[in-house]
Amino acid sequence: MQSPTSKELYMNNGGNKLYIWKDGYSDVYHASAEEEAEWDKEIIATSLLQLEKERNAVTIKLSVNTLMFHQYGTIEGFLKSKLNDKDPVRKIAFANALWNVSRDKGSFSVLMEYLPEQGGKYIDEVFAALNDFKDCKEARDFLVHCITGANRLYKKKACTTIAMWAYGGMPALRDKNLLAALRSPDASVHQPAIEKLRKIFSSPNH
C-alpha cells in the first residue's frame, strides 16, 4: 500500500503536524516551510467554505478549531457575524462555537431563542449544544428549571445533559445515586437531589 504524500498528510490533519507524528508518519513526512504556508492557505479556504453551508454542528466545531489553530483573523468577531445566519441549526452551532471560543454570555441567549416552553423543532440541537455550557451559570439555572418543571421531555433532556457534564469536567455530578434521584418521581427522593444539585452548581469549585 502506497504511503500518503506529505501534502495529503498535512491536509488530512488540518495542518497540525502533531497528529502526523502520532499516526506514525514522521518518517515519510517531508515538506518545506514554504510548502506548508501554501497548504495553510488551502486549509483556511476550505474551512471558510465549509462554514458557509455546513449544518452539522460537529463539522462546524472542527472547522472553527482549524481556523483557530491557524490563527485566522479575529475568530470571536467572525463567529458573532455568523449569528445573523437565517438557518436555526447553523445559528445554534455558531452560538455553541462562540461559547467555546470566548465564553460569550450572549451564546446562551441564542440557544434559548429556539427552546419554547413546550418544546420545539430544535430541541435536540439546543440540548446537544448545552453539553458544552457547564461553566455557564444561566445554563445551570436552566437545567434546574427543567428538572423541577412539569415538562417531562425537558426533564429527561436536562438529566442527560447533567450526565454529560459529569464526565466532561464536573466529577461532583458522577454520583449515580444523584442522577437516579433526579429522575425519580418520588418527591422525598427527588427534592433532596435537587438541593444537592443546586449546591454543586453554586460551588465556586465547580
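The paragraphs below set out a description of the structure included in this document. This is a predicted model, so every value here is computed, not measured.

Cut-offs used in this document
Residues numbered from 1 in each chain as written. Predicted model: local features only at pLDDT ≥ 70, side-chain atom pairs only at ≥ 80, totals over all residues. Heavy atoms only, no water. Helix = DSSP H or I, 4+ residues; strand = E, 2+ residues; numbered from the N terminus. Polar contact = N/O pair within 3.5 Å; in protein donor to acceptor, adjacent residues only side chain to side chain. Core = buried A, V, L, I, M, F, W, Y, C linked by side-chain atoms within 4.5 Å. Buried < 20%, exposed > 50% of the residue type's maximum accessible area, 1.4 Å probe, protein only. Contact = heavy atoms within 4.5 Å. Phe/Tyr/Trp six-rings, centres within 6.5 Å; stacked < 30°, edge-to-face > 60°. Salt bridge = Lys/Arg side-chain N within 4 Å of Asp/Glu carboxyl O. Disulfide = S-S within 2.5 Å. Axes fitted to C-alpha atoms, helices over the stretch in contact; angles between N-to-C directions. Parallel < 35°, antiparallel > 145°, perpendicular 65-115°, else oblique. Left-handed = near helix turned anticlockwise from the far one by under 90°.

1. Digging into the environment of S202
Item 1. Relative to the helices and strands, S202 is located in helix α12 (residues 187-202).
Item 2. For the pair formed by S202 and V64, sequence separation is 138 residues and the distance between their alpha carbons is 31 Å.
Item 3. In this structure the side chain of S202 is engaged in a polar contact, spanning 3.1 Å, whose partner is the backbone oxygen of K199.

2. So, the nonpolar core
Item 1. Among the nonpolar cores identified, the biggest contains 53 residues, and F127, L130, I162, L173 and L182 are the most heavily contacted of them.
Item 2. Residue contacts for L182: discarding those within four places in its chain leaves I147, K155, C159, I162, H190, A193, I194 and L197.
Item 3. L9, I20, W39 and I43 belong to the second largest nonpolar core, which has six residues in total.

3. Side note on the packing of aromatic side chains
A ring pair, where both rings are aromatic, is described by two values, the distance of the centres and the angle of the planes.
Item 1. In total, this model carries eleven aromatic pairs according to the counting rule given.
Item 2. Look at W99 and F133: their rings are 4.9 Å apart centre to centre, the planes differ by 15°, and that puts the pair in the stacked class. Within this pair, whereas W99 is found in helix α6 (residues 88-102), its partner F133 is found in the loop between α8 (123-130) and α9 (137-148), the two being separated by 34 residues in sequence. Each of the two residues, W99 as well as F133, counts as buried.
Item 3. Plain terms: the ring middles of F127 and F142 are 6.0 Å apart, the flat faces sit at 35° to each other, and that makes the pair tilted. Remark: F142 occurs in helix α9 and F127 occurs in helix α8; sequence separation between them is 15 residues.

4. Re the pattern of salt bridges
Item 1. Enumeration according to the criterion identifies 15 salt bridges in this entry.
Item 2. Salt-bridge contacts for E52 lead to K82; the nearest nitrogen and oxygen are separated by 2.7 Å. Of this pair, E52 sits in helix α3 (residues 33-53) while K82 is found in helix α5 (residues 75-82), placing the two residues 30 residues apart along the sequence.
Item 3. For R55, the salt bridge is made with D87, and the minimal N-O distance between the two is 2.6 Å. Taken together, the residues R55 in the loop between α3 and α4 (57-69) and D87 in the loop between α5 and α6 connect sequence positions 32 residues apart.
Item 4. The partly exposed category is assigned to R55, whose relative accessible area is 46%.

5. A few points about the state of the cysteines
Item 1. Tallying each qualifying case throughout the model produces zero disulfides.
Item 2. C136 carries a free sulfur, and the closest cysteine sulfur to it, the one in C146, is 13 Å from it.
Item 3. In this structure C136 comes out as buried when scored by relative accessible area, which is 2%.
Item 4. Free cysteine: C146, not disulfide-bonded; nearest cysteine sulfur from C159 at 9.4 Å.

6. Quick look at the packing of α9 against helix α10 (residues 152-166)
Item 1. Close contact between α9 and α10 brings their axes to 8 Å; oriented N to C, the two are set at 135°. Classified by the interaxial angle, the pair formed by α9 and α10 is oblique. Here α9 runs over α10; the crossing is left-handed. Along the contact surface, α9 presents A139, R140, L143, C146 and I147, while α10 presents Y154, K155, A158, C159, T161, I162 and W165.

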